[in-house]
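Descriptive analysis of the structure
Single-letter residue listing:
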Amino acid sequence: MKNISARDKKHLWHPLTQHKLHPDTIAITRAKGALLYDEEGREYIDGIASWYTCMYGHCHPYIAEAAHRQMTQLDQVVFSGFTHEPAVRLSEALMEILPENQQKLFFSDNGSTASDVAIKMALQYHFNQGRKRDVLVAFEEGFHGDTFGAMSVSGLSVYNGPFSDFFLNVERIPVPDGNNNREVAGKFERILRAGNVAGFIYEPLVQGAAAMKMHDAEGLNTLIGLCRKYDVIAIADEVMTGFGKTGRNFASEYMDHLPDIISMSKALTAGMVPMALTSCTREVYDAFYSDDIGKGLFHGHTYSANPVACTVALSGIELLKSGEMQENIRRVSASHRRFDEDIRKHPKVARTRQLGVIYAMDLEVSTERYGGLRDKLFRFFMEKGVYLRPLGNTIYILAPYVVTDEQLQKVYEVIKAALDELL
């Protein structure tokens, strides 16, 4: 049925949208590989893998066929008191690629809830052992989701302003950038010495919503080491970075010190269906294992471990581990490096950065996060057939691993044209 965009306005309320300023939407009717198609038949390269989810390409037949088979066998069952083969197989597959200290998995629905579960694990880990620790530490400009726990530890006021009076107790530290590592570690340790910190939550190496702001692996490793020293739970939010985007399965693999808890979503289910996981060490799990029912983690979602979602996630992991997909990751990473050699010299580019398939550039111009220039850039990209979502003065690329060389070149050319024509 045509005219989807016009019909949309009657009832729908879109995320991150001020509808009075942005009343129009683009109706997407199908997708394949790295391409989106609208109701008029126009084609767009999905330069951000639809918020970093469809990393193996849209509507991948291997994943779709596996999902269809599962739908005809077991669609949904309560995961409290029941289990099923897709969940067990997924747990076994994840243990092969997660950092070696991760041993237990807890299901939820999305990245925000994965963060909330991690926060509750950290707080209750100490509570169950008779310790009153009610402070969390997080990075400045971090983002961990939109539910209340996740908002509490997020540092972007554009999202959280109206709700800040209701947040958990959170201390913030700068990200270590290689130049300030000693100062950041010193501030962190002063906070930890108070003895009331339950957990430290961080996006390892790349802060996605902060416009792909990247930080120093050695500096972060030092902070995680301090968590060990003071018995503070280290929580790696790998919702954005997980499943190959940084060039490794998880960004946490760049550090020697491993996190106690990892939150996962987005590419976990390859953009096919919603699902999230929070993994933890045996030590964290054991703090909940008790004859006292009140020491259990009483958190649950109706669709926890949905069999179809588990099947999709398992299929995605199989693709991630394939030689073809690993070569794609290397190919895209190398392509970004070649592009960077040229574009970083552009007079309108202030700085560039890359980790794996994640590439970002800051423009030599000031603008609001959702200001006029951002809107002009977005419209320009879409008119040229490229879907990118600039954040303030930052343009970033995080395309599906299956994006072709020709498609990547078009993305690069359109960005270059925007710098030349709009700035």
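On a predicted model such as this, the values are computed, not experimentally measured, just so you know. (Residues numbered from 1 in each chain as written. Predicted model: local features only at pLDDT ≥ 70, side-chain atom pairs only at ≥ 80, totals over all residues. Heavy atoms only, no water.)

Brief notes about the packing of helix H3 (residues 61-71) against helix H11 (residues 307-321)
- Axis separation between H3 and H11 bottoms out at 9 Å; the angle between their running directions is 150 degrees. On the basis of their axis angle, the class for H3 and H11 is roughly antiparallel. Remark: the crossing between H3 and H11 carries right-handed chirality. Contacts between H3 and H11 involve Tyr 62, Ile 63, Ala 66, Ala 67, Gln 70 and Met 71 on the former and, on the latter, Pro 307, Val 308, Thr 311, Val 312, Ser 315, Gly 316, Glu 318 and Leu 319.
- For the contact of H3 with H11, the residue count by class is nine nonpolar, four polar and one charged. (Axes fitted to C-alpha atoms, helices over the stretch in contact; angles between N-to-C directions. Helix = DSSP H or I, 4+ residues; strand = E, 2+ residues; numbered from the N terminus. Parallel < 35°, antiparallel > 145°, perpendicular 65-115°, else oblique. Left-handed = near helix turned anticlockwise from the far one by under 90°. Contact = heavy atoms within 4.5 Å. Nonpolar A, V, L, I, M, F, W, Y, C, P; charged D, E, K, R; others polar.)

Comments concerning the nonpolar core
- Counting 106 residues, the largest nonpolar core has Phe 200, Phe 243 and Met 361 as the members making the most contacts within it.
- Residues in contact with Phe 243, not counting those within four places in the same chain, are Tyr 56, Leu 94, Ile 97, Asn 249, Phe 250, Met 264, Ser 265, Ala 267, Leu 268, Ile 317, Leu 320 and Tyr 401.
- Residues Leu 136, Ala 138, Val 170 and Phe 288 belong to the second largest nonpolar core, which totals 20 residues. (Core = buried A, V, L, I, M, F, W, Y, C linked by side-chain atoms within 4.5 Å. Buried < 20%, exposed > 50% of the residue type's maximum accessible area, 1.4 Å probe, protein only.)

Notes on the sheet that holds strand S10 (residues 233-237)
- A sheet is described by the order of its strands in space; here seven strands give the open sequence S4-S12-S11-S10-S7-S5-S6, paired in mixed fashion. The open sheet is flanked by strand S4 (104-108) and strand S6 (169-173), the only strands paired with a single partner. When the angles between neighbouring strand axes are averaged without regard to direction, this sheet yields 20 degrees.
- Two strands pair when backbone bridges link them, and S10 and strand S11 (residues 261-264) are joined in this way by three bridges, in the parallel orientation. Bridging from a neighbouring strand, Asp 237 pairs with Ser 263 of S11. (Pairing = 2+ DSSP bridges.)

Re the layout of surface pockets
- The computed volume of the largest pocket comes to approximately 1600 Å³.
- Forming the walls of the largest pocket are 36 residues, and the residues nearest its centre are Asp 24, Thr 25, Ile 26, Phe 378 and Arg 389.
- The set of elements that each furnish at least two residues to the lining of the largest pocket consists of helix H1 (4-11), strand S2 (35-38), helix H2 (49-52) and helix H13 (372-383).
- Among the elements that make up the lining of the largest pocket, the one with the highest residue count is H13 (six residues).
- Here the lining of the largest pocket is built from residues that sort into 15 nonpolar, 10 polar and 11 charged.
- Reported here for the second largest pocket is a volume of approximately 880 Å³.
- Every residue lining the second largest pocket is counted, 34 residues in all, and those nearest its centre are Phe 79, Leu 105, Phe 106, Phe 107 and Tyr 285.
- Counted by class, the lining of the second largest pocket contains 17 nonpolar, 13 polar and four charged residues. (1 Å grid on protein atoms, 1.4 Å probe; cavity = no way out; pocket = protein on both sides within 12 Å on 5 of 7 lines; lining within 4 Å. Points joined across faces, edges and corners; volume = space filled by probe spheres on them.)

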